[in-house]
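Now for the letters of each chain:
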2 protein chains.
Amino acid sequence: MKRIAIDAMGGDAAPQAIIEGVLRARDELSDVVFQLYGDQEQILPLIGNADRIEIVHTKEKIEGDDEPTRAIRRKKDASMVLAAKAVKDGQADALLSAGNTGALLAVAFFIIGRIKGIDRPGLLTTLPSQNRQGFVMMDLGANAESSPKHLEQYALMGSFYASQIRGIQNPRVGLLNNGAEAGKGDSLRKETYDLLAARQDLNFIGNVEARDLMSQVADVVVTDGFTGNAVLKTMEGTALGILGQLKSTILAGGLRAKLGAWLLKPSLKVMRQSLDYTEAGGAMLFGVKAPVVKAHGSSDAKSIYYTIKQVTSILESQIVDQAKEVFQADQSEKE
Amino acid sequence: MKRIAIDAMGGDAAPQAIIEGVLRARDELSDVVFQLYGDQEQILPLIGNADRIEIVHTKEKIEGDDEPTRAIRRKKDASMVLAAKAVKDGQADALLSAGNTGALLAVAFFIIGRIKGIDRPGLLTTLPSQNRQGFVMMDLGANAESSPKHLEQYALMGSFYASQIRGIQNPRVGLLNNGAEAGKGDSLRKETYDLLAARQDLNFIGNVEARDLMSQVADVVVTDGFTGNAVLKTMEGTALGILGQLKSTILAGGLRAKLGAWLLKPSLKVMRQSLDYTEAGGAMLFGVKAPVVKAHGSSDAKSIYYTIKQVTSILESQIVDQAKEVFQADQSEKE
């Protein structure tokens, strides 16, 4: 049995969306026990059949705008904190939350702890590409400042994830840079480039540019958390902006445009699905001692369901245990 | 008379697109003399009426893949180099090129020279927003590494540009960061935040996130060149990716989708125009002693025409002269 500790109170639509997603996953995944952390008065009415569902009751929770480190220090009984402690104590195998990202990073670092040999755990997710395969990007913002060594570790973790979870053989690893030629970028990129090029265990294809990410220029894209966060949010903002623009143009376009839009509806739906990467799950915080996955704050039941499936894939692949061995060995060699 | 030195050989469609754009601008702008630098054998046949057009013949040119600093040292008679020298020597008032960006930065720095008091000139352009007003972003990649002082200067230059060239009164200046709250980001962002907040001559609105740029969250967005470049290219790549996806979905959607697309054609055209910021011109390298503007490498005649109009607006506003006074004064105060 896999045991997943779930912060039932985190996210914009919690606890409803969380519970609905859990119920759907529970009916499909027979080897998972779901530990729900949160207010039982709110949770219980949403659950019919309680098979393989455990509720750990707490009234306290971390809000979306709480200052992360202060929140986890003061709210010792918050649903997210208790869920992390369960993972730390071996009562659960993985942690899932759609709540405050900074707080989730903080409980992961301070309660669950880093894997030995990994300096900075980072956030990794799968982003959409035009050929629908998608690419893995890391770090998406766990760390605002990074060293070449950190980026090297992101490359290894990202490559691990792409091969073990996404089934891509020998994934192509690219370094996000301001030009494709070698020697481009700031000193962080230049030094990282040399570290990556020297590794035999990576299929490093060199620098890649942000313009080409959606064209599947690489299967794994490595960057610092500040840039990763900016790129991720630019993709979101641009996609929403264009679709919004399309909508308002259609609304302003009269009967002809409305009829055209109606005829195009099935195609637009297909397009939206291809851009919607809900099925790839949430963002994994890779580098801590157990799988920790952040679902989007606006997750609905479907996103939660897919994120749970992602967590079970991560548990089945045992990539966290593998990472522990690899990075510990890497560390020992250097000592 | 304004005199614009134009690199007739730079860009994917040079010299044809450049000359066509020049002819269109020449017929409209009666107070501009156009100095065309390049191969007269190629240029002359494209020009009918040579009114206010001067050709400075040279066979040498810088290619798109030339290493910038080496190219400007070795190709002393390249069209771009001669055009920059004309500006340096006062024979022309501004420089326009659609050629190698790195080489254009290099001729601007080394031949035309920095404004006293500005440490790092940066690239600035107007990007599209949903309300069609657009926002100014700086630096887009002139410098891969930046200090808080550099970002402070970008804020001043960007604010200058937004008010003088784009006519926005008291433009709202935002610092691109990985969260909207004060105190977010790496040390570069934190220190820059304090510098910007302390300035009385800026309408600083705090941190802004990349997700909100297209919603016109700010009129001027300040960032380092590495991040600016990544954000700009992500916007381009995402927009192209989505429009490409829309096209392929329509092609796969059979007769219904094709009829819908035909009906929607006028609306899609309006949408594309609203995303197409050709009319806002190219990217200005702000911080050198004369206006230097980079048109997109793939510029057609229309883009060149609008970029020339932008150059004339810059000359008319005298913002470069104003910047010289302001930054020199800023410098003297500190000495």
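As annotated in an unreviewed UniProt entry, chain A carries the name Phosphate acyltransferase and is attributed to Streptococcus danieliae. UniProt annotates chain A under Pathway (unreviewed entry) with the comment "Lipid metabolism; phospholipid metabolism." Recorded in UniProt for chain A, the comment headed Subcellular location (unreviewed entry) runs: "Cytoplasm".

Trainee: Which residues make up the overall build of chain A, and what are the values?
Mentor: Along the backbone of chain A there are 11 helices and 11 strands. Its C-alpha atoms give chain A a radius of gyration of 21 Å, near enough to 20 Å, the size a compact globule of 335 residues would have. Across its three principal directions, the C-alpha atoms of chain A cover 70 × 60 × 35 Å. Taking contacts inside chain A between residues at least 6 apart in sequence as the whole, the part at least 24 apart equals 70%. Accessible area of chain A: about 13,600 Å², with a carbon and sulfur share of 48%.

Trainee: Mind laying out the pattern of salt bridges, listing which residues take part and the relevant values?
Mentor: Counted by the stated rule, this structure contains 38 salt bridges over all chains. Note that Asp224 of chain B is salt-bridged to Arg189 of chain B, the shortest N-O span being 2.8 Å. With a gap of 35 residues between them, Asp224 of chain B in the loop between β9 (220-222) and α8 (225-252) and Arg189 of chain B in helix α7 (residues 187-197) connect regions that are remote in the sequence. For the pair Asp224 of chain B and Arg189 of chain B, one class covers both residues: buried. The network of salt bridges with shared partners includes Lys2, Asp31 and Glu316 of chain A.

Trainee: Before we move on, can you summarise the interface of chain B and chain A with the specific residues and values?
Mentor: Listed per partner, the contact involves 50 residues of chain B and 50 residues of chain A. In total, chain B and chain A occlude about 4,700 Å² of area from one another, counting both sides; carbon and sulfur atoms represent 66% of this. Of all residues in chain B, Arg211, Phe226 and Arg256 of chain B bury the most surface against chain A, accounting for 15% of the area lost on that side. Taking the shortest distance from any N to any O, the salt bridge between Arg211 of chain B and Glu236 of chain A comes out at 2.8 Å. Those elements that provide at least two residues to the side of chain B that touches chain A are α7, α8 and α9 (254-275) of chain B. Looking at the side of chain B that touches chain A element by element, the count peaks at 19 residues for α8 of chain B. Looking at the side of chain B that touches chain A, its residues break down into 23 nonpolar, 18 polar and nine charged.

Trainee: How would you explain the packing of helix α6 (residues 148-164) of chain A against helix α7 (residues 187-197) of chain A if you had to name every residue and give the values?
Mentor: Pairs of packed helices are described in terms of their axes, by the angle between the two and the distance that separates them. Residues and elements named next belong to chain A. Contact pair α6 / α7: the axes reach a minimum separation of 9 Å and the direction vectors enclose 50 degrees. Overall, the two elements α6 and α7 adopt an arrangement that is oblique. Helix-helix and strand crossings are classified by hand; for α6 and α7 the assignment is right-handed. Counted together, Pro148, Lys149, Leu151, Glu152 and Ala155 of α6 and Leu188, Arg189, Glu191, Thr192, Leu195 and Leu196 of α7 form the full contact between these two elements. Classifying every residue of the contact of α6 with α7 gives six nonpolar, one polar and four charged.

Trainee: Tell me about the sheet that holds strand β7 (residues 172-176) of chain A, and name the residues and values.
Mentor: Residues and elements named next belong to chain A. A sheet is described by the order of its strands in space; here 11 strands give the open sequence β3-β2-β1-β4-β11-β10-β5-β6-β9-β7-β8, paired in mixed fashion. The open sheet has two edge strands with one neighbour each: β3 (53-57) and β8 (203-208). Ignoring which end each strand starts from, the neighbouring axes of this sheet average 25 degrees apart. Note: strand β4 (residues 94-97) against strand β11 (residues 292-294), three bridges, orientation parallel. Bridging from a neighbouring strand, Leu96 pairs with Val293 of β11.

Trainee: Give me the relation of the copies chain B and chain A: which residues, what numbers.
Mentor: With an RMSD of 0.0 Å, chain B superimposes on chain A once it is rotated by 180 degrees and translated 0.0 Å along the axis. Both copies of the chain, as the preceding transformation shows, are related through a two-fold rotation axis. Rotation axis and chain B: the residue whose C-alpha lies nearest the axis is Gly260 of chain B, separated from it by 1.9 Å. The residues that chain B uses at the interface reappear at the interface of chain A in 100% of cases, marking a shared surface.

Trainee: Requested: an account of the domain arrangement of chain A, with residues and values cited.
Mentor: All names here are of chain A. Here chain A is partitioned into domain 1 (1-118 + 287-335) and domain 2 (122-278). Averaged C-alpha coordinates put domain 1 and domain 2 at centres separated by 25 Å. Facing the 20 residues of domain 1 at the interface are 14 residues of domain 2. Summed over both sides, the interface between domain 1 and domain 2 buries roughly 1,500 Å², with carbon and sulfur atoms accounting for 64% of that surface. Per-residue buried area on domain 1 facing domain 2 is highest for Leu105, Ile319 and Phe327; these three make up 29% of the total on that side. The tally of links between domain 1 and domain 2 comes to zero salt bridges. If you look at where domain 1 meets domain 2, you find three residue pairs in polar contact (both at pLDDT 80 or more). Taken together, the elements giving at least two residues each to the side of domain 1 that touches domain 2 come down to α5 (101-112), α10 (301-317) and α11 (319-334). Split by residue class, the side of domain 1 that touches domain 2 holds eight nonpolar, nine polar and three charged.

Trainee: Explain unusual backbone geometry to me, using residue names and the numbers behind them.
Mentor: For the peptide bond that leads from Met138 of chain A to Asp139 of chain A, omega is 0 degrees, which places it in the cis range. When you line up the elements, Asp139 of chain A lands in the loop between β6 (135-138) and α6. Across the junction of Ala14 of chain B and Pro15 of chain B, the peptide omega takes the value 0 degrees, indicating a cis bond. For Pro15 of chain B, the location among the structural elements is in the loop between β1 (2-7) and α1 (16-28). In the Ramachandran plot, Arg132 of chain B falls in the positive-phi region, its phi being about 70 degrees despite a non-glycine side chain. Position of Arg132 of chain B relative to the elements: it lies in the loop between β5 (122-127) and β6 (135-138). Its identity as a non-glycine residue notwithstanding, Asn170 of chain B has a phi of 50 degrees, on the positive side. Tracing the backbone through its elements, the reader meets Asn170 of chain B in the loop between α6 (148-164) and β7 (172-176).

Trainee: Can you tell me about helix α4 (residues 79-88) of chain A, naming the residues and giving the values?
Mentor: Residues and elements named next belong to chain A. With eight of 10 residues buried, α4 lies mostly within the body of the structure. Along its buried surface, α4 packs onto β1 (2-7), β2 (32-38), α3 (68-74), β4 and α5. After α4 finishes, the residue Gly90 shows a positive phi value of roughly 80 degrees.

Trainee: How would you sum up the side chain of Asn229 of chain A? Please name residues and give values.
Mentor: Its place among the elements puts Asn229 of chain A in helix α8 (residues 225-252). Discounting residues that sit within four places of it in the chain, Asn229 of chain A has contacts with Asp139, Leu140 and Gly141 of chain A together with Asn178 of chain B.

Trainee: Kindly report on the pairing of β7 of chain A, identifying the contributing residues and their values.
Mentor: Residues and elements named next belong to chain A. Here β7 lies mainly inside the structure; four of its five residues are buried. In this sheet, β8 lies alongside β7 in parallel orientation, the contact comprising five bridges. Residue Val173 lies in a different strand from β8, and its bridge partner there is Phe204. Between the parallel elements β7 and β8, the chain passes through α7 in a crossover that is right-handed. Of the strand pairs in this sheet, β7 and strand β9 (residues 220-222) are connected by three bridges, and their pairing is parallel. Paired with Leu175 across the two strands is Val222, which belongs to β9.

Conventions adopted
- Residues numbered from 1 in each chain as written.
- Chains lettered and ligands numbered in written order.
- Predicted model: local features only at pLDDT ≥ 70, side-chain atom pairs only at ≥ 80, totals over all residues.
- Heavy atoms only, no water.
- UniProt positions renumbered as here; feature names shortened; annotations may be inferred.
- Helix = DSSP H or I, 4+ residues; strand = E, 2+ residues; numbered from the N terminus.
- Rg over C-alpha atoms; globule rule 2.2 N^0.38 Å.
- Contact = heavy atoms within 4.5 Å.
- Areas by Shrake-Rupley, 256 points an atom, 1.4 Å probe, with all protein chains shown as cover.
- Salt bridge = Lys/Arg side-chain N within 4 Å of Asp/Glu carboxyl O.
- Buried < 20%, exposed > 50% of the residue type's maximum accessible area, 1.4 Å probe, protein only.
- Buried area = accessible area lost by both parts, 1.4 Å probe.
- Nonpolar A, V, L, I, M, F, W, Y, C, P; charged D, E, K, R; others polar.
- Axes fitted to C-alpha atoms, helices over the stretch in contact; angles between N-to-C directions.
- Parallel < 35°, antiparallel > 145°, perpendicular 65-115°, else oblique.
- Left-handed = near helix turned anticlockwise from the far one by under 90°.
- Pairing = 2+ DSSP bridges.
- Least-squares fit on C-alpha atoms with pLDDT ≥ 70 in both.
- Domains from an automatic or database assignment.
- Polar contact = N/O pair within 3.5 Å; in protein donor to acceptor, adjacent residues only side chain to side chain.
- Right-handed = clockwise from strand over helix to strand, strands pointing away.

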